[in-house]
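Each chain is listed here by its residues.
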Amino acid sequence: MQEFTYTPLGFAQSTRLIKILPGESISSIKCHIFEINLQDLPISGYTALSYCWGSASKTEPITLNHYPFRVTKNLYAALQILRESHSTDLFWIDAMCVNQSDPEERSAQVQKMKKIYEQASRVVIWLGPGSAETMVAMRFIEKIRGIWNSLAAVHGNDKTALLDITVKEASILFDSREGVVDFKPLEGLALLLRRPWFERVWIVQEATTPENDKIVLCGNAVVCWDALITTTEVITHLMWRPGLQGLFANVQSIDNQSLRRLFNLEKQRQYKTPVFNLLQILAKYRHFKAGDPRDKIYALRGLAADLLEDELVPNYSLPPPAVFALAAQHFIISKRSFECLGFCDFSKRDLRQPSWVPDWSSPSIRHPLAKRQIHDSCGEGHRVYGAATLNVLSDNERQWNCTIKDGLVLTVAGFQVDTVSRVVNFDVLDACVADDGYSIAHSFNSKFRKEWGSLLFSTTKRSLFWSHDGYLGLGPTDVKPGDRVCIFFGGEVLYLLRFIRETSHFIGECYVHGLMDGEAYALLDDGSHTVETFVIE
């Protein structure tokens, strides 16, 4: 039998909706698909589904407008549950409503996805089929929600009353036996937060639309999004409360990465309008996953405060290296900034793309040195470093001068300051020993946790090096003797370049003690160094 074929959408503001037709729980899934105009929505509205596709090689057959159509096993499981619990709803489901085999339509629809989720009357978050552990967790979330609603009726939306419960109240809440809590609900919650849905980059846009109703489905259990957030906040707080730690002695705490993902999503949802620029958004959610590397850009562009509608428009006819190169060109040329270079990782990059282009498909734990600014107690912004940001109006030769040719070759004006002479290849902080013989990590107690975090931020995945002229520097672990230490006019830090087969390649940012605030310009003034043009591939 002929499989379902899409009819091209008739209007620029069109998309499609799905109606899941009634059927017995064991019967095959049958759906009706039709076109709608986003400017003329059905009175009943529609529900947008947020889910994890799952393996494309594992599919199940359904019927779409009387023709065979295949969906992934995870989507099929969702359709079965939705047929039972939301039989009257109309749905927007990307794998069905968008012709995934048509790059042009896919590009156009992806550009509308933020609007599609914002206009949805409800967002259903499908975490996948349930298990015994997750069912216990979902019931516990409902229990916390009930208690929270009771307290909110008296105390308003202040969570303090729930966070400050006594040991006795906590014992009752967590069904403790002989002073130790029942760990099963907490174990189930930890498993729930490790579901693949929480790792998808698309959920940042899908789950953070601020206004519409959001519910979470796991199997046939359902809770509201706010209940999941509240429960996780309460448990995290209580487990770390000094007077309650004994109560949770047999409970393994929820891993920090799961918590960070969840709370970052909730914080993003609270912003009514975009507040971060695109580079900040890409960095913030770099560890999220995408089946298509291009979606590391396209899934987040709608959340950026500094991106115009016609900038970095989704184009699935381009390969991932070309998409990442266009993003780098946007940051460097349009924003006149080299900050994106801090996200390059020479050893982990896709060899099909230039060395100066960040590969956003690869997560990185090394943070860029060129942070844009810090804020003092008065809220004033100040640059952290200014190695080459001096505004020398009298000398045009020293101004920001950068071009990109064919998305492949970066040409930058600047000068070579020095050459790497010796590299110290070990963990910088582990190598530091305090006066008492302990490592420096041991010497930082909780009082200086913030300072310790700053040290980790600056030194992770970096190596110390000495330059030929005796300067001490900090560069990426890829640094080697012979690398060129360079100034790019307009850059905030210094940069490392390496000749490979007579071509300059970008190795990474570097910190050079004594040259981070414009001091290197003295080398030009005394005539010992000259301005040159770096051609980087």
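Rules and cut-offs
- Residues numbered from 1 in each chain as written.
- Predicted model: local features only at pLDDT ≥ 70, side-chain atom pairs only at ≥ 80, totals over all residues.
- Heavy atoms only, no water.
- Helix = DSSP H or I, 4+ residues; strand = E, 2+ residues; numbered from the N terminus.
- Buried < 20%, exposed > 50% of the residue type's maximum accessible area, 1.4 Å probe, protein only.
- Contact = heavy atoms within 4.5 Å.
- Areas by Shrake-Rupley, 256 points an atom, 1.4 Å probe, with all protein chains shown as cover.
- Phe/Tyr/Trp six-rings, centres within 6.5 Å; stacked < 30°, edge-to-face > 60°.
- Expected span 1.5 Å × (residues − 1).
- Pairing = 2+ DSSP bridges.
- Axes fitted to C-alpha atoms, helices over the stretch in contact; angles between N-to-C directions.
- Salt bridge = Lys/Arg side-chain N within 4 Å of Asp/Glu carboxyl O.
- Parallel < 35°, antiparallel > 145°, perpendicular 65-115°, else oblique.
- Left-handed = near helix turned anticlockwise from the far one by under 90°.
- Nonpolar A, V, L, I, M, F, W, Y, C, P; charged D, E, K, R; others polar.

(A) Focus on the overall build of the protein chain. In terms of regular secondary structure, the protein chain is built from 17 helices and 19 strands. Counting all 537 residues of the protein chain, 49% fall into the buried class. Nonlocal contacts in the protein chain, meaning residues at least 24 apart in sequence, comprise 70% of its contacts between residues at least 6 apart. When the accessible surface of the protein chain is split by element, carbon and sulfur atoms take 52% of a total near 26,000 Å².

(B) Structural detail: unusual backbone geometry. Within the chain, H66 stands out as a residue other than glycine whose phi angle is a positive 75 degrees. With respect to the helices, strands and loops of the structure, H66 is situated in the loop between β4 (59-64) and β5 (67-72). Even without a glycine there, the phi angle at R501 is positive, about 50 degrees. Mapped onto the fold, R501 is located in the loop between β17 (494-500) and β18 (503-512). The class for R501 is exposed, based on a relative accessible area of 75%.

(C) Structural detail: the packing of aromatic side chains. All told, the structure shown has 19 aromatic pairs when counted by the stated rule. Seen from their ring centres, F4 and F69 are 6.0 Å apart, and the 80 degrees between their planes marks the pair as edge-to-face. Taken as a pair, F4 in the segment before β1 (14-20) and F69 in strand β5 lie far apart in primary sequence, 65 residues in all. The same class applies to F4 as to F69, namely buried. Ring plane angle 40 degrees and centroid distance 5.3 Å describe the contact between F343 and W360, whose orientation is recorded as tilted. Highlighted residues: F343 in the loop between α13 (320-334) and β10 (374-375) and W360 in the loop between α13 and β10, separated in sequence by 17 residues. Using a relative accessible area of 9% as the deciding quantity, one classes F343 as buried.

(D) The arrangement of α13 in detail. The first and last C-alpha atoms of α13 sit 20 Å apart over 15 residues, in line with the 21 Å expected at 1.5 Å per residue. A positive backbone phi angle near 50 degrees is found at R336, which sits one or two residues after α13.

(E) Broad picture of the sheet that holds β5. Here we have nine strands laid out as an open sheet, ordered β5-β4-β2-β1-β6-β3-β7-β8-β9, and mixed in their pairing. Taken across any chain shown, the strands that pair with only one partner, and hence form the sheet edges, are β5 and β9 (221-224). Geometrically, the sheet is characterised by an average inter-axis angle of 35 degrees between neighbouring strands, direction not taken into account. The sheet contact formed by β4 and β5 spans six bridges and is antiparallel. Considered in β5, the bridge of I62 is made with F69. Of the strands in this sheet, β7 (122-126), β8 (213-218) and β9 are in contact with helix α9 (residues 225-240), which crosses β9 at around 80 degrees.

(F) The pattern of salt bridges, seen in detail. For the structure on display, the rule yields 13 salt bridges. With its nearest N and O atoms 2.9 Å apart, the salt bridge here joins E60 to K73. Of this pair, E60 sits in strand β4 while K73 sits in helix α1 (residues 73-85), and the two are 13 residues apart along the sequence. On the basis of relative accessibility, which here comes to 24%, the residue E60 falls in the partly exposed class. A salt bridge links R498 to D483, with the nearest nitrogen and oxygen atoms 2.7 Å apart. Of the two residues, R498 is situated in strand β17 and D483 in the loop between β15 (472-476) and β16 (484-488); the sequence distance between them amounts to 15 residues. On the accessibility criterion, R498 (13% relative accessible area) is buried. With relative accessibility at 1%, the residue D483 sits in the buried group. Salt bridges here are not isolated pairs; linked through shared partners, they connect R106, D292 and R294.

(G) Quick look at the side chain of T208. With respect to the secondary-structure elements, T208 resides in the loop between α8 (203-206) and β8. For T208, the residues in contact, after removing those within four places along its chain, are I203, K214, L265, Q268, R269 and L303.

(H) View of the packing of helix α7 (residues 184-193) against α9. Viewed as axis vectors pointing N to C, α7 and α9 meet at an angle of 120 degrees, and their least axial separation amounts to 12 Å. One finds that α7 runs oblique with respect to α9. Handedness of the α7/α9 crossing: left-handed. Packed against α7, whose contacting residues are L186, L189, L192 and L193, the element α9 presents L228, T231, T232 and I235 at the interface. Here the residues of the contact of α7 with α9 sort into six nonpolar, two polar and no charged.

These values are about where atoms sit, not about what they do.
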